[in-house]
Amino acid sequence: MQRAEHRHAPLFVISVAAELAEMHPQTLRQYDRIGLVIPRRQGGRHRRYSPYDVEQLRQIQQLSQEGVSLEGIRRVIELQNRVEELEATVDELRYELRESERHANRPRVFAVGPHGDVVTVAHGRRPRPRTQAMVLWDPPRRRR
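Figured I'd write up the structure that's included with this text. This structure is a prediction, so every number in the text was calculated from the model and none was measured.

Right, let's talk about the pattern of salt bridges for a bit. Throughout the structure, instances matching the rule amount to nine salt bridges. Asp32 is paired through a salt bridge with Arg47; the nearest N and O atoms lie 2.8 Å apart. Placement of the pair is Asp32 in helix 3 (residues 25–34) and Arg47 in strand 2 (residues 46–48), with a sequence separation of 15 residues. Classification of Arg47 as buried rests on a relative accessible area of 18%.

Below, the structure is given as structure tokens:
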């Protein structure tokens, strides 16, 4: 399986994507117009298809041959994309849970993001610099 960034990288011009998907380039243009498979644009005009787009085109061809309508195919692809997003979210949450369990005995530091979300920050680390998060820190009390 290809890494996600390579899988969605816009690599192929329309003629190459059509050949890889065993379709006519005009079919790819039609699918783009109806929003079935929307390639990225280079320079605003030239279509560039990713390996993922080619996979989708092959799947569209298979579903079409099985008698599924274009609207049905659009819905199948939409649901598959949603499942992929949810699986990525679950993977992120599992990673965060493992990290949280790994650091359970250490003091915890929290950051509050601009939208009110609270996240745990590793001790000695700052929140991501792209956020406008405020770090809450309670220094240890000194004994007298």
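Before going further, it helps to spend a moment on a nonpolar patch on the surface. Judged by side-chain polarity, Val13, Val16 and Leu20 come together as a nonpolar surface patch covering roughly 180 Å² of accessible area. By the secondary structure assignment, Val16 is in helix 2 (residues 14–21).

Okay, the nonpolar core next. By size, the foremost hydrophobic cluster in this structure holds 17 residues, and its most contacted members are Leu28, Tyr49, Leu57 and Ile60. Secondary-structure elements contributing two or more residues to this core are helix 2, helix 3, helix 4 (51–65) and helix 5 (70–102). Contacts of Tyr49, omitting those with residues within four sequence positions, involve Ala9, Pro10, Leu11, Phe12, Val13, Ile14, Ala17, Leu28, Val37, Pro39 and Leu57.

Let's shift gears to the packing of helix 4 against helix 5. Where helix 4 meets helix 5, the closest approach of the two axes is 10 Å, and the angle between their N-to-C directions is 140°. Judged by the inter-axis angle, helix 4 sits oblique to helix 5. Pair helix 4 / helix 5 crosses with right-handed handedness. Residues Tyr52, Gln56, Gln59, Ile60, Leu63 and Ser64 of helix 4 form the contact with helix 5, whose participating residues are Ile73, Val76, Ile77, Gln80, Asn81 and Glu84.

This part is about helix 2. Every buried residue belonging to helix 2 is among Ile14, Ala17, Ala18 and Ala21, and all of these are buried. Down the axis of helix 2, the buried side of the element spans an arc of 100°, and every buried residue falls inside it. Contacts from the buried residues of helix 2 go to helix 3, strand 2 and helix 4.

We now examine the environment of Leu63. Along the chain, Leu63 turns up in helix 4. Accessibility expressed as a relative area gives 15% for Leu63, which makes it buried. When the C-alpha atoms of Leu63 and Ile73 are compared, they prove to be 6.8 Å apart, with ten residues separating the residues in sequence. If we ignore the near neighbours within four places in the chain, the residues touching Leu63 are Val68, Ile73 and Val76.

Turning to a negative patch on the surface, a few remarks are in order. Judged by side-chain charge, Glu87, Asp91, Glu92 and Glu96 come together as a negatively charged surface patch. The residue Glu96 is located in helix 5 in this model.

Next up on the list: unusual backbone geometry. Of note, Glu22 is a non-glycine position whose phi angle comes to about 55°, a positive value. Summarising the element assignment, Glu22 is placed in the loop between helix 2 and helix 3. When its relative accessible area of 65% is taken as the criterion, Glu22 is described as exposed.

What follows is about the side chain of Arg7. Relative to the elements of secondary structure, Arg7 occurs in helix 1 (residues 4–7). When its relative accessible area of 13% is taken as the criterion, Arg7 is described as buried. A polar atom in the side chain of Arg7 sits 3.2 Å from the side chain of Glu84.

Criteria and thresholds
Residues numbered from 1 in each chain as written. Predicted model: local features only at pLDDT ≥ 70, side-chain atom pairs only at ≥ 80, totals over all residues. Heavy atoms only, no water. Salt bridge = Lys/Arg side-chain N within 4 Å of Asp/Glu carboxyl O. Helix = DSSP H or I, 4+ residues; strand = E, 2+ residues; numbered from the N terminus. Buried < 20%, exposed > 50% of the residue type's maximum accessible area, 1.4 Å probe, protein only. Patch = residues over 30% accessible without salt bridge, like charges linked within 9 Å, V, L, I, M, F, W, Y side chains within 5 Å. Areas by Shrake-Rupley, 256 points an atom, 1.4 Å probe, with all protein chains shown as cover. Core = buried A, V, L, I, M, F, W, Y, C linked by side-chain atoms within 4.5 Å. Contact = heavy atoms within 4.5 Å. Axes fitted to C-alpha atoms, helices over the stretch in contact; angles between N-to-C directions. Parallel < 35°, antiparallel > 145°, perpendicular 65-115°, else oblique. Left-handed = near helix turned anticlockwise from the far one by under 90°. Arc of directions from axis to C-beta. Lys, Arg positive; Asp, Glu negative; His and termini not counted. Charge placed at Lys NZ, Arg CZ, Asp CG, Glu CD. Polar contact = N/O pair within 3.5 Å; in protein donor to acceptor, adjacent residues only side chain to side chain.

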